[in-house]
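Observations on the three-dimensional arrangement
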Amino acid sequence: MSSTSSDLDLPSNEFYRRRSDRTRMCLDGSLPKEIHCVIAVTEPWASVRGVQAGLETLCNLLARFCNHVTVVIPRVQSKVVAGEILVDRMRAVDPYGTICVVEAAPEADLYIHLGGEGGPQGRTIYWAYQGWGAYVSGFPAEGIVPTGEFADHSVGAEMAACLAGAAAFNFWVARSLNSIRPFYLDSYALREASSFAGCAQPTEPISIRPLDVLMVGGGSVGSATAYFLPRLGFKGRIDVVDADVVKVENMDRSPIFDPIHDKLPKANVVRDYLVNNGIGASGYHMTWNEFVSRHRDLLRRHSVWLPLANEQGVRRAMQANIPPISIQASTGKNWNVQYGRHIPFVDDCQIDRFPATESAPTVCATGPVVVTDGHVADAALPFASFTAGLFVAIGLKKVAMGIQEFGENAAFLSFKPSFSLLTQPRRPNPTCMCQNLTSAIWKSVWRP
Ligand SMILES: [Zn+2]
């Protein structure tokens, strides 16, 4: 296995030390021993649509916490799986990791296989997808084979990659895959399923209309949302509002924040990623309140708002500003993700969803932790923010497809003790202040 060297101007010891400190925060004080992960694509998956996309996301996620990753690409697969892209992405994430592509699997701690078979027992994660359906398991299963009937594989591939990354993180901490029972996530109907046959799929070719979107909060969930948008075929433009800059602890949990972005405004990094991937975008390096007072002219131009700031006050302030459709997700303290869709007059609003008594930030933080240099950081689980961002991107895709009301509007995905997805319909609370808003007022604000 070859080591990598970096041309980046980074303080290596400092970067590494703080990276470890950050990870430790999520793991009750003890840092697990480093592991070596092998990613392999078994036949007949190698030439299936979405393989490359799923692998890119899985590698991106793994490199956020695993320092040693080997991707196995047999010569026969090298025409359909672009190993160089995978390695370049991982080296950008972790310039000091041991990352390589080989033709045959070496001895390793953990194997991550696309498909349902092969790999050492008890040390292999199996992941797969069909259309919008995603699958992960710590146990082999026959019959998890690709079918060619689904036109759009990207959603399931991205979701399955996030779940596989979550399972890998779980193995890193627990050294066991016993809790990773076969889990199917139906990203289309937004529910847990018992098989790929039970996962809903679009019945007609998907048509995507362009959307004008306001993203407030370009942190881990916001930047993860941005990462997935072009991958899921988003069209339109996005205004990104965030007053923060990228810090070293953000790099463990965002798919687009890398060491080269250290200390840059998050709004600008997210904007640049979107623009580089063909989506029109503007960045506003400021708070929500500053944005509202300085850019009142922009406030009614978007068809969807994404309240993705950690602070509850921002969510409530956005709700008080009579939002259009809002889609949001956040990572919880306990290895989970909550997702919400808020369509005016149909769904509950954000004040219903986040009562004022719940004042703590919605990030994975058991409290602020002082890092070695006195800098205070919060902890994070990388797979949780990736998955939360993907939920938001999927919600936006449904709006663009004109099926925004399809599926429940509240979801809770837990990664521990086992994977589970709970969904429920959340309707407006009759006593909530949003019930004072009539559709006539709403229309006069949005279509004067
Ligand atoms: Zn309400």
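Below you will find a few notes about this structure.

Cut-offs used in this document
Residues numbered from 1 in each chain as written. Predicted model: local features only at pLDDT ≥ 70, side-chain atom pairs only at ≥ 80, totals over all residues. Heavy atoms only, no water. Helix = DSSP H or I, 4+ residues; strand = E, 2+ residues; numbered from the N terminus. Buried < 20%, exposed > 50% of the residue type's maximum accessible area, 1.4 Å probe, protein only. Contact = heavy atoms within 4.5 Å. Donors = N, O, S within 2.8 Å, 3.2 Å for Na, K, Ca; no water. Tetrahedral: all angles 85-135°; square planar, octahedral: opposite > 155°, others 65-115°. Salt bridge = Lys/Arg side-chain N within 4 Å of Asp/Glu carboxyl O. Pairing = 2+ DSSP bridges. Axes fitted to C-alpha atoms, helices over the stretch in contact; angles between N-to-C directions. Parallel < 35°, antiparallel > 145°, perpendicular 65-115°, else oblique. Left-handed = near helix turned anticlockwise from the far one by under 90°. Nonpolar A, V, L, I, M, F, W, Y, C, P; charged D, E, K, R; others polar.

With that settled, the discussion passes to the overall build of the protein. When you go through the protein residue by residue, the secondary structure sums to 11 helices and 18 strands. Counting every position in the protein, which comprises 448 residues, the buried fraction comes to 57%. Across the protein, every contact between residues at least 6 apart in sequence was considered, and the portion connecting residues at least 24 apart equals 71%.

With that out of the way, let us pick up the coordination of the zinc ion. Donor atoms from the polypeptide that coordinate the zinc ion comprise Cys 349 (SG), Asp 352 (OD), Cys 432 (SG) and Cys 434 (SG), at 2.1 to 2.5 Å from the metal. Coordination at the zinc ion is tetrahedral: its four donor atoms span angles of 98 to 117° at the metal. Counting along the primary sequence, the residues that act as donors to the zinc ion give the motif C-x2-D-x79-C-x1-C. Using a relative accessible area of 18% as the deciding quantity, one classes Asp 352 as buried.

A separate point is the pattern of salt bridges. On inspection of all chains with the given rule, the structure shows 18 salt bridges. As a salt-bridge pair, Arg 231 and Glu 56 come within 3.2 Å of each other at their nearest N and O atoms. Taken together, the positions of Arg 231 in helix H5 (residues 220-231) and Glu 56 in helix H2 (residues 51-62) put the pair 175 residues apart, joining distant regions of the chain. Arg 123 serves as the salt-bridge partner of Glu 107, at 3.7 Å between the closest nitrogen and oxygen. Taken as a pair, Glu 107 in the loop between strand E3 (98-102) and strand E4 (110-114) and Arg 123 in the loop between E4 and strand E5 (124-130) lie far apart in primary sequence, 16 residues in all. Within this structure, Asp 212, Arg 237, Asp 239 and Arg 301 form a network of salt bridges that share partners.

One open sheet accounts for eight strands, arranged E3-E2-E1-E4-E5-E6-E7-E8; its pairing is mixed. In this open sheet, the two edge strands, each paired with only one partner strand, are E3 and strand E8 (191-193). Direction aside, the axes of adjacent strands within the sheet are offset by 20° on average. When strand E1 (residues 36-41) meets E4, the two strands line up parallel, connected through five bridges. Bridging across to E4, Cys 37 finds its partner in Leu 110. On top of the sheet, H2 reaches E1, strand E2 (68-72), E4 and E5; it is set at about 175° to E1, its chief contact.

With that out of the way, let us pick up the pairing of strand E9 (residues 211-216). On any regular strand, side chains alternate: one points to one face of the sheet, the next to the other face. In terms of burial, E9 is largely enclosed, as five of its six residues are buried. As judged from the six bridges shared by E9 and strand E10 (residues 236-241), these two strands associate in the parallel manner. Following the sheet pairing, Met 215 is matched in E10 by Val 240. Bridge count between E9 and strand E12 (residues 304-307): four bridges; the pairing is parallel.

Interhelical geometry of helix H4 (residues 154-174) versus helix H10 (residues 382-401) gives an angle of 165° and a closest axis separation of 9 Å. One element, H4, and the other, H10, form an angle in the roughly antiparallel class. The hand of the H4/H10 crossing is left-handed. Every residue of H10 that contacts H4 at Ser 154, Val 155, Glu 158, Met 159, Cys 162, Gly 165, Ala 166 and Phe 169 is listed here: Pro 382, Phe 383, Phe 386, Thr 387, Leu 390, Phe 391, Ile 394 and Lys 397. In the contact of H4 with H10, the residues fall into 11 nonpolar, three polar and two charged.

On their own, these measurements won't tell you what the molecule is for.
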